[in-house]
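So the chains spell out like this:
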Amino acid sequence: MSDPAPVKAPIEVRFRGGGFAPKPRRWVGVVVFIVLITLMEIGTRIGWISALTLPKPSDVLATFGELWESGLLYKHLAPSLGRLAVGASIGATVGIGVGVLIGLFSYIRAGLVPLVAALFPIPKIALLPLFVIWFGIDEASKYALIAFGTFTPTVVATYGAVDNVDRSLIRMGQSFGLSWFSIVRKIVLPGAMPGILSGLRISLAIAIILLVAAEMLGAEYGIGAYILEAGSLYDLERLFAGVVILSLLGVILSMVIGLIERRLLGWRS
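These numbers were taken from a predicted model, which means no experiment stands behind them.

Caption draft 1: Quick peek at a nonpolar patch on the surface. A cluster of nonpolar side chains, contributed by Trp-27, Val-28, Val-31, Val-32, Val-35, Leu-36 and Leu-39, occupies part of the molecular surface with about 650 Å² of accessible area. Locating Val-31 in the fold gives a position in helix α1 (residues 26-46).

Okay, structure coming up:
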């Protein structure tokens, strides 16, 4: 009797959709920043770029050192972070809540979608004088402007994300006898979370823009007030230092959203 044929070891089949699962390459972004800053430094030193239009990155770095040593960095950054945290938190929280309600209930959708559509295209910066009249020139008007500017894009992104949840998954949950609340908690909200977080990236960027605009009116300290003062004095080093602070703030917020995505959306990998 002949021996049985040897059993072949299983062959691992590579996931064919791997090309659509981007992998983190953090060093590439760092290299891009380094190259751009190096080109700016070389261009300003040898005269390709006029010092009247763009300061040397090394001078901007020296300005950061002066801000740190004098304590002005904390005096301007702390109130800005506080205003951004309060205003964006209110706007995003209410926006997500309203967006979910619009996505789930027909009567709320019928009543609020036209209102949101009417409010969304209004330039929020143009409403700053109105908020000053309503809430005064102190902190309340700044919180209100940032919250309102964060609210509308968050609502649109949230109810759009709820609408895009796969309806076959909802029907599957119904066929298994899940209650309405269980379907919302276990299917709708997790399915909508990618779209909600993507909308938050845009909303927080808008919040930073509105923060600067609000601080340029009636604020003694804040990044917006610092940039306004530097611009009125044509101090390009200080002006670009303020712009870099805003850029870094945007990068940090984007990284925070990325961490939340990896924490909450690990099921997608």
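More follows now that the structure is in view.
Caption draft 2: Highlighting the environment of Ile-137. Within the secondary structure layout, Ile-137 lies in the loop between α5 (128-135) and α6 (139-163). For the pair Ile-137 and Leu-217, spaced 80 residues apart in sequence, the C-alpha separation works out to 8.0 Å. Leaving out residues up to four positions away in the same chain, Ile-137 has contacts with Val-132, Lys-142 and Gly-218.

Caption draft 3: Inspection of the pattern of salt bridges at higher detail. The full count for this structure, using the stated rule, is six salt bridges. Arg-45 is the salt-bridge partner of Glu-41, the closest N and O atoms lying 2.5 Å from each other. Of the two residues, Glu-41 and Arg-45 are both situated in helix α1; the distance of four residues between them amounts to about one turn of the helix. Residue Glu-41 is classed as buried on the basis of its relative accessible area of 14%. Residue Glu-261 is joined to Arg-201 by a salt bridge in which the shortest nitrogen-to-oxygen separation is 3.0 Å. Pair noted here: Glu-261 is in helix α10 (residues 236-264) and Arg-201 is in helix α8 (residues 180-215), with a separation of 60 residues, a long-range link. In this structure Glu-261 comes out as buried when scored by relative accessible area, which is 16%. A relative accessible area of 31% means that Arg-201 is categorised as partly exposed. The structure contains a network of salt bridges with shared partners spanning Arg-83, Glu-139 and Glu-215.

Caption draft 4: Region of interest: the packing of helix α9 (residues 223-232) against α10. Interaxial distance between α9 and α10 falls to 8 Å at its minimum, and their mutual angle equals 155 degrees. Considered as vectors, α9 and α10 are oriented roughly antiparallel to each other. When you trace α9 past α10, the crossing you get is left-handed. Two secondary-structure elements touch here, α9 through Ile-223, Tyr-226, Ile-227, Glu-229, Ala-230 and Gly-231 and α10 through Arg-238, Leu-239, Ala-241, Gly-242, Val-243, Ile-245 and Leu-246. Looking at the contact of α9 with α10, its residues break down into nine nonpolar, two polar and two charged.

The rules behind these values
Residues numbered from 1 in each chain as written. Predicted model: local features only at pLDDT ≥ 70, side-chain atom pairs only at ≥ 80, totals over all residues. Heavy atoms only, no water. Patch = residues over 30% accessible without salt bridge, like charges linked within 9 Å, V, L, I, M, F, W, Y side chains within 5 Å. Areas by Shrake-Rupley, 256 points an atom, 1.4 Å probe, with all protein chains shown as cover. Salt bridge = Lys/Arg side-chain N within 4 Å of Asp/Glu carboxyl O. Helix = DSSP H or I, 4+ residues; strand = E, 2+ residues; numbered from the N terminus. Contact = heavy atoms within 4.5 Å. Buried < 20%, exposed > 50% of the residue type's maximum accessible area, 1.4 Å probe, protein only. Axes fitted to C-alpha atoms, helices over the stretch in contact; angles between N-to-C directions. Parallel < 35°, antiparallel > 145°, perpendicular 65-115°, else oblique. Left-handed = near helix turned anticlockwise from the far one by under 90°. Nonpolar A, V, L, I, M, F, W, Y, C, P; charged D, E, K, R; others polar.

Taken by themselves, the reported measurements are silent on function.
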